[in-house]
Amino acid sequence: MNEELIKKNATYEDLYTIPKNMIGEIINGQLYAMPRPSPRHSNVSSIIGWQIIGPFRFGLGGPGGWIILDEPEIQLGQDIFVPDLAAWKKERLPRPPTTNYIAIPPDWICEVLSPSTAIHDRTKKMPIYAQSGVAYLWLIHPIDKTVEIFGLDAGKWVFISAHGDKDKVRAEPFKEIEIDIATFWWD
């Protein structure tokens, strides 16, 4: 199922009008509704979170000092996004906001691509993430079993590396640990 454009010149209140089984985002003034992630998609983001939360949030075998969230609502300017995962260095987000959304750009975003969201993630979201100063972006394709890693340089995405289904990597911004990509996949 493809993303659905629901309304132009959308406001935050319009997010409350979309069906409960969908995720809403406002990008360039347009309200989009997308279906909830598939089990294959959710599995990938859950495993990534599992691999990095211990070391980077709690310091278990890693440096700690990060806040890592599943599907946070993030406001960047007038845009509202719901990436699969996002992380902030704790000094940049020392306590939870009082709003439903976080208005501080993350240090890292991970988007798990699906056939219905890949173009949306690459063409609509990536440029705004760069303009907002997100330092690192991972794009993960669970069907192709690939991971693409990008870093921000002078406001533009620079391709850092790509990895296949059975690679073990030390990838920015989590170079302190080895991440086993083979664990991301359902099968």
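Just so you know, these numbers come straight off a predicted model, no measurement behind them.

Draft legend 1. Spotlight on the overall build of the protein chain. Across its full length, the protein chain holds two helices and 13 strands. For a compact globule of 187 residues, the expected C-alpha radius of gyration is about 16 Å, and the protein chain comes in at 16 Å, within 12% of that figure. Counting only C-alpha atoms, the protein chain reaches 45 × 35 × 30 Å along its principal axes. Buried positions account for 48% of the 187 residues belonging to the protein chain. Once local pairs closer than 6 in sequence are excluded, the contacts in the protein chain between residues at least 24 apart make up 51%. Split by element, the accessible area of the protein chain, about 9,400 Å² in all, is 52% carbon and sulfur. In the protein chain, 19 positive and 24 negative side-chain charges are present, and the distance between their average locations comes to 2 Å.

Draft legend 2. View of the packing of aromatic side chains. If you walk through the whole model with that rule in mind, you get 11 aromatic pairs. Ring centres of Tyr-12 and Tyr-16 lie 5.9 Å apart, and the angle between their planes is 75 degrees; this geometry places the pair in the edge-to-face category. What makes Tyr-12 partly exposed here is its relative accessible area of 21%. A relative accessible area of 58% places Tyr-16 in the exposed class. Taken together, the ring pairs in this structure connect Phe-56, Trp-66, Trp-108, Trp-138 and Phe-174 into an aromatic cluster.

Draft legend 3. How the structure looks around the sheet that holds strand S4 (residues 66-70). Strand order in the open sheet made by the six strands is S4-S7-S8-S9-S10-S11, with mixed pairing throughout. Every other strand in the sheet has two partners, leaving S4 and strand S11 (156-163) as the edge strands with one partner each. With direction set aside, neighbouring strand axes in the sheet form an average angle of 15 degrees. By the bridge criterion, three bridges tie strand S7 (residues 85-89) to strand S8 (residues 108-112) in an arrangement that is antiparallel. Residue Leu-85 lies in a different strand from S8, and its bridge partner there is Cys-110.

Draft legend 4. How the structure looks around helix H1 (residues 39-57). Here H1 contains 19 residues, and its C-alpha end-to-end distance of 25 Å stays within 8% of the 27 Å for a straight helix at 1.5 Å per residue. At Gln-51, H1 is bent by approximately 25 degrees, the largest bend along its length, and proline Pro-55 sits one to four residues beyond. Within H1, the full set of buried residues consists of His-41, Asn-43, Val-44, Ser-45, Ile-48, Gly-49, Gln-51, Ile-52, Gly-54, Pro-55 and Phe-56. For H1, the secondary structure elements touched by its buried residues are S4, S7, S8, strand S9 (136-141) and strand S13 (179-180). Once H1 ends, the next one or two residues include Gly-59, with phi positive near 75 degrees.

Rules behind the numbers
Residues numbered from 1 in each chain as written. Predicted model: local features only at pLDDT ≥ 70, side-chain atom pairs only at ≥ 80, totals over all residues. Heavy atoms only, no water. Helix = DSSP H or I, 4+ residues; strand = E, 2+ residues; numbered from the N terminus. Rg over C-alpha atoms; globule rule 2.2 N^0.38 Å. Buried < 20%, exposed > 50% of the residue type's maximum accessible area, 1.4 Å probe, protein only. Contact = heavy atoms within 4.5 Å. Areas by Shrake-Rupley, 256 points an atom, 1.4 Å probe, with all protein chains shown as cover. Lys, Arg positive; Asp, Glu negative; His and termini not counted. Charge placed at Lys NZ, Arg CZ, Asp CG, Glu CD. Phe/Tyr/Trp six-rings, centres within 6.5 Å; stacked < 30°, edge-to-face > 60°. Pairing = 2+ DSSP bridges. Axes fitted to C-alpha atoms, helices over the stretch in contact; angles between N-to-C directions. Expected span 1.5 Å × (residues − 1). Bend = angle between axes of the 7 residues up to and from the residue.

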